[in-house]
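# Structural overview for review
Listed below, chain by chain, are the residues.
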Amino acid sequence: MEILVHQSDPTPWQAAAACAGLSPSVVFSRRGKEAAPALRACAVCPVSRECEAAVAPAESWFDGVCAGRLWRNGRPVKPRRRRGAPAAPVATAPTALEAALDAAAATLAPSALAPARALAGSAAGGTRG
């Protein structure tokens, strides 16, 4: 049984949401393939933080797309790999040194930072990819 709540006047953040024109069956889908348009909308949505705060998907057993993630029973769903596709690289947080180098890179020529980046990579046990 599906229960739909109809709100006649959306809040300002709801009206600004990138998914505002999508079908509820897309936004509240439990499957990645059907939810893909909502996930793409979230990627460029200016109010995703407001959405996540209002919906609180982890506390509400939410099913659907919220703040750029697919949720099922209040838990984020891990994206499925296509058969034969390589695993996605694991993103790591930049170290303080890497963050400082990135900030400096905005003001220096790229070749000026090459030696420092090489040292940062060797100090961290390799380079980030």
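Everything discussed here concerns the structure shown above.
Everything numeric in this text was worked out from a predicted model, so none of it was measured. (Residues numbered from 1 in each chain as written. Predicted model: local features only at pLDDT ≥ 70, side-chain atom pairs only at ≥ 80, totals over all residues. Heavy atoms only, no water.)

### Things to note about the overall build of the protein chain
Scanning the protein chain from terminus to terminus reveals six helices and three strands. Counting from the amino terminus, the protein chain carries its helices and strands in the arrangement α-α-α-α-β-β-β-α-α. The proportion of buried residues among the 129 residues of the protein chain is 19%. Long-range contacts, defined here as pairs at least 24 residues apart, represent 39% of the contacts in the protein chain between residues at least 6 apart. As presented, the protein chain carries roughly 9,800 Å² of accessible surface, and 59% of it is formed by carbon and sulfur atoms. (Helix = DSSP H or I, 4+ residues; strand = E, 2+ residues; numbered from the N terminus. Buried < 20%, exposed > 50% of the residue type's maximum accessible area, 1.4 Å probe, protein only. Contact = heavy atoms within 4.5 Å. Areas by Shrake-Rupley, 256 points an atom, 1.4 Å probe, with all protein chains shown as cover.)

### Thoughts on the environment of G21
Within the secondary structure, G21 is located in the loop between α1 (12-16) and α2 (24-27). Judged by relative accessible area, which is 77%, G21 ranks as exposed. G21 sits 17 residues away from A38 along the chain, and the two C-alpha atoms are 9.9 Å apart.

### Structural notes on the pairing of strand β2 (residues 69-72)
Side-chain positions along a regular strand alternate between the two faces of the sheet. Both strand β1 (residues 64-66) and β2 contribute to a ladder of three bridges, which runs antiparallel. By the bridge assignment, V65 is partnered in β2 with L70. What sits between the antiparallel neighbours β1 and β2 is a turn of two residues, in which A67 has the positive phi angle 55°. What sits between β2 and strand β3 (residues 75-76) in their antiparallel hairpin is a turn of two residues, with N73 showing a positive phi close to 55°. (Pairing = 2+ DSSP bridges.)

### Looking at the nonpolar core
Listed in full, the seven residues of the largest apolar core are V26, V27, A35, A38, C42, V65 and L70. Of all the elements in the fold, those that place two or more residues in this core are α2 and α3 (32-43). Broken down by element, this core gets its largest block of residues, three residues, from α3. What V26 contacts, discounting residues up to four positions off in sequence, is E34, A35, P37 and A38. (Core = buried A, V, L, I, M, F, W, Y, C linked by side-chain atoms within 4.5 Å.)

### Examining the sheet that holds β2
Strand order in the open sheet made by the three strands is β1-β2-β3, with antiparallel pairing throughout. The strands lining the two open edges of the sheet, one partner per strand, are β1 and β3.

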